[in-house]
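Structural characterization, general
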Amino acid sequence: MIIFLGFILLSPHAFASSEQIEIKVNSPYQVVPGTSVPIYITVINFGEKIGAIQANQEVSTISAQIQALKSTSGANMITVDSVEIFSPHLPDSRITAQSLSETQAVKMQSVNKTLVSIAEAIQIEEQLEAEYLAKFKQVEQQNLTEEEKRQTLNSLFSEYETYKNSLQNIIQKGKFHDVLLLNIPSDFPESDIQIPVSITYTKMDGTKETTVKTIGVTVTSTIQPRRAIIIDIDALKEDALENSLSNMPNTSEYIVENGVHFTNVKTIFPSITMAAQASIFTGNYPNEHGITGNTWFEKSSQTYRKYSYGVWYEDIIWHEGQANEDLSGSVDTIYERADSAGKDSTVIFNQYSRLDSGTTKWIKPGVEEGVYLVTHEYYKIDRNAMSRALYELNHDLPDILTIYLSGLDGHSHYHGPQEQEYYLETYIDNEINRLLFGDECLLFCEEYGIYELAGEGATTLYDETIIVITSDHGQTSVTNDAAHAIDKDELEEVLEDAGYDIWKYPLDDFNATAAPNGGMAQIYIRDTDTDDWNDQPELSDLRSALDSFFSKSYVDTI
C-alpha cells in the first residue's frame, strides 16, 4: 500500500434543473488575487420523453428503437443563446471574464447552440448495456476455447459499439459545455465574493428563459484543501513504483514531489483484492469488515463466496453487488462517514460503494470493460475509468472521488509482475496526465467539454485538491503450473484424510471445507460439540487438521 498526498479538489457550487433542462455551474472554491479562476458551465436537455418508441409496439429491437429515435429527435429542442458572467459586487473595471476561445465575446458569450432532447437515448443506452452484458455472461458460461470465446465476444462487441456510438452521437447533441476564465485583480482584497452566471435559452415555442446561478468564491492568498481524489491502483508493487518514478514525469512532478511519500506500508492478510479493498475504504481489518478473501465460506448460510466480475453485476445491472451486501453492517465506509459530514462522493469502478447509505454515485464497469478483460486489453479499462473521472470533475464535482485502476493487476497477472514498470510508465502516468490536463481537444470541444484538473486558469482545481495514490496489495512471481497452485479439492482431500467430512453431493452433511486465496488458503472447521457452524471451534476440533497440513512440505505457516 503506497500513498502520496498532493492537494484537494473542486467545488459543486451551483446546480439546478428547470423543466428538465439541467444547468450546472462550477468552479474552484478559492482564487488567489492577481490570477484567474475557471468557471465550468454545462447545459443538458433531458426534455420530455418523446413517447414514440413506447407507442409503437413493432419497435422492439435496439436497432429499431435507435432508428425511431433518430426520426423524432427534433422534438423538445432548446437553443442555448448566451452565457454571461457578472457581479453586482464588483465594478466592471475591477473584474473581467474572457472565454477560452479567443473568437468569443469577452464578458457575454453568444452561444446559439441547439440541443436535442436526450432522455429517450439515455433510456435506450441503459437497456443496451443490460442486454449485451447478459449476452456476454452467456458466452462466458459456455464451454468454448479461449479463441472461440474471443471471436464470439469480438463479434458481439462490434454490434454493441455500433449501437452505442449511434446513441452517444444523439446524447452529445443534447449537451453544451464551456469554460470561462474570471480574472481577479492583484489588489483585490481577500474576501468572499458571489459571482452570478446567467444562462439564456430559447424553447421550441419561441419563449426565452434565463437562469442565474451564483458561485461563491473565496479570494485568498492561501489556498486550503477542500476535496480528495483517491487513485486506487490494484496490485501496485512498491519496488516497481519506486523504480518507475524517474520515467513517470506527471506522477513525480505533480503528486510525489508536492506531497508526502509513505514507504514500507503493509497491507492486510490475506493480501488479496476483495479483502484489501474493503480494508482501504473502511479502515478495518477483515475480521471486522467481514470480507476475508476473494473466496471464502459464509458459515451462517453455509454458502461460498467466490467474487468475480459479477461482484459489480449481480442481477445483471440493477443491484449493488454481492460484496457490498457481504460487507459488515457494523463498519462504515469512508463514503458513509463523508455523507454524515455533509460531503458527497463518487466511486468509479471500485467494488465497494454502500450506494444506499453513503456513496452519492457509483459508476460500475460495463460491457466494454468486460470485453477488455477477456481480450487482455487492460489499459483500456483504466482509460475508461479516467474518462469517467474527467467528466465528474467538471460536472458533479464530488467531495471524494475514487478512481479504481484495475488494469495493472490484470496486466501483471497475464504478463508477469516483472512487467509492472512498463505498465506504470506507459499507461498509468499517461492517465495521471489526462487527470491533470484533460484530453487533447481537436474536433468536438463543444460537444464533449474541456475536462482537466490543473489546466486553464492560474488558480485551478488542482490547487485545492488532495490526491492520494494507494494500492491494495503487490504481486510475486510464481511457477505457472497446476502442481504449484493451491487447489480447493486438494486441500479438502487433506482434510478428508484427517478424518473430517467434506461436501461432495447435495444435502451432504460436512464439518470442514477450504477456500484458497492466491498463495494462502482458509480452512473452516465446524464445532464438534454443538455441530453448529456459527459456534467458535475449540483447538481440539482443529488438531487433526493442523497435524495433517503440517505434514505437507508445501505448507509454510498456519
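Above this text is the structure in question.
Description of the structure in this document. (Residues numbered from 1 in each chain as written. Predicted model: local features only at pLDDT ≥ 70, side-chain atom pairs only at ≥ 80, totals over all residues. Heavy atoms only, no water.)

What follows concerns the nonpolar core. One finds Ile-231, Ile-403 and Leu-453 to be the most contacted residues of the largest nonpolar core, which totals 63 residues. Counting residues in each nonpolar core, the second largest holds 27 residues, with Val-37, Leu-180, Ile-215 and Val-219 among its members. (Core = buried A, V, L, I, M, F, W, Y, C linked by side-chain atoms within 4.5 Å. Buried < 20%, exposed > 50% of the residue type's maximum accessible area, 1.4 Å probe, protein only.)

Between helix 4 (residues 146-172) and helix 11 (residues 367-374), the least distance of the axes is 10 Å, while the angle of their chain directions is 155°. It follows that helix 4 is roughly antiparallel to helix 11 by the angle criterion. At the point where helix 4 passes helix 11, the crossing takes the left-handed sense. Contact with helix 4, carried on its side by Glu-146, Lys-149, Leu-153, Phe-157, Tyr-160 and Lys-164, involves Val-367, Glu-368, Val-371, Tyr-372 and Val-374 of helix 11 and no other residues of that element. (Axes fitted to C-alpha atoms, helices over the stretch in contact; angles between N-to-C directions. Helix = DSSP H or I, 4+ residues; strand = E, 2+ residues; numbered from the N terminus. Parallel < 35°, antiparallel > 145°, perpendicular 65-115°, else oblique. Left-handed = near helix turned anticlockwise from the far one by under 90°. Contact = heavy atoms within 4.5 Å.)

Position of Glu-492 among the secondary structure elements: in helix 16 (residues 488-497). In this structure the side chain of Glu-492 is engaged in a polar contact, spanning 3.4 Å, whose partner is the backbone nitrogen of Ala-514. Among all residues touching Glu-492, those that are not within four sequence positions of it are Tyr-304, Ile-502, Trp-503, Thr-513 and Ala-514. (Polar contact = N/O pair within 3.5 Å; in protein donor to acceptor, adjacent residues only side chain to side chain.)

As a further point, take the environment of Glu-84. You can see Glu-84 is positioned in strand 5 (residues 78-85). Taking the C-alpha atoms as reference points, Glu-84 and Thr-200, separated by 116 residues in sequence, lie 8.6 Å from one another.

Centre distance and the angle of the planes are the two values used to describe a pair of aromatic rings. By the definition in use, this model includes 15 aromatic pairs. Summarising the aromatic geometry, the rings of Phe-157 and Tyr-372 are spaced 5.8 Å apart at their centres and angled 85° between planes, so their arrangement reads as edge-to-face. Of the two residues, Phe-157 is situated in helix 4 and Tyr-372 in helix 11; the sequence distance between them amounts to 215 residues. By relative accessible area, Phe-157 is classed as buried at 8%. (Phe/Tyr/Trp six-rings, centres within 6.5 Å; stacked < 30°, edge-to-face > 60°.)

Take the pattern of salt bridges next. Across all of its chains, the model carries 21 salt bridges by this definition. Residues Lys-24 and Glu-22 are paired through a salt bridge, measuring 3.8 Å at the closest nitrogen-oxygen approach. For the pair formed by Lys-24 and Glu-22, the shared burial category is buried. Across the pair Asp-396 and Lys-361 runs a salt bridge whose closest N-O atoms are separated by 2.5 Å. Taken together, the residues span a long stretch of sequence, with Asp-396 in the loop between helix 12 (378-395) and strand 16 (400-405) and Lys-361 in strand 15 (residues 361-363) at a distance of 35 residues. Under the relative-accessibility criterion, Asp-396 is labelled partly exposed at 23%. Under the relative-accessibility criterion, Lys-361 is labelled partly exposed at 27%. Three or more residues joined by partner-sharing salt bridges are found here, namely Glu-22, Lys-24, Lys-361, Glu-392 and Asp-396. (Salt bridge = Lys/Arg side-chain N within 4 Å of Asp/Glu carboxyl O.)

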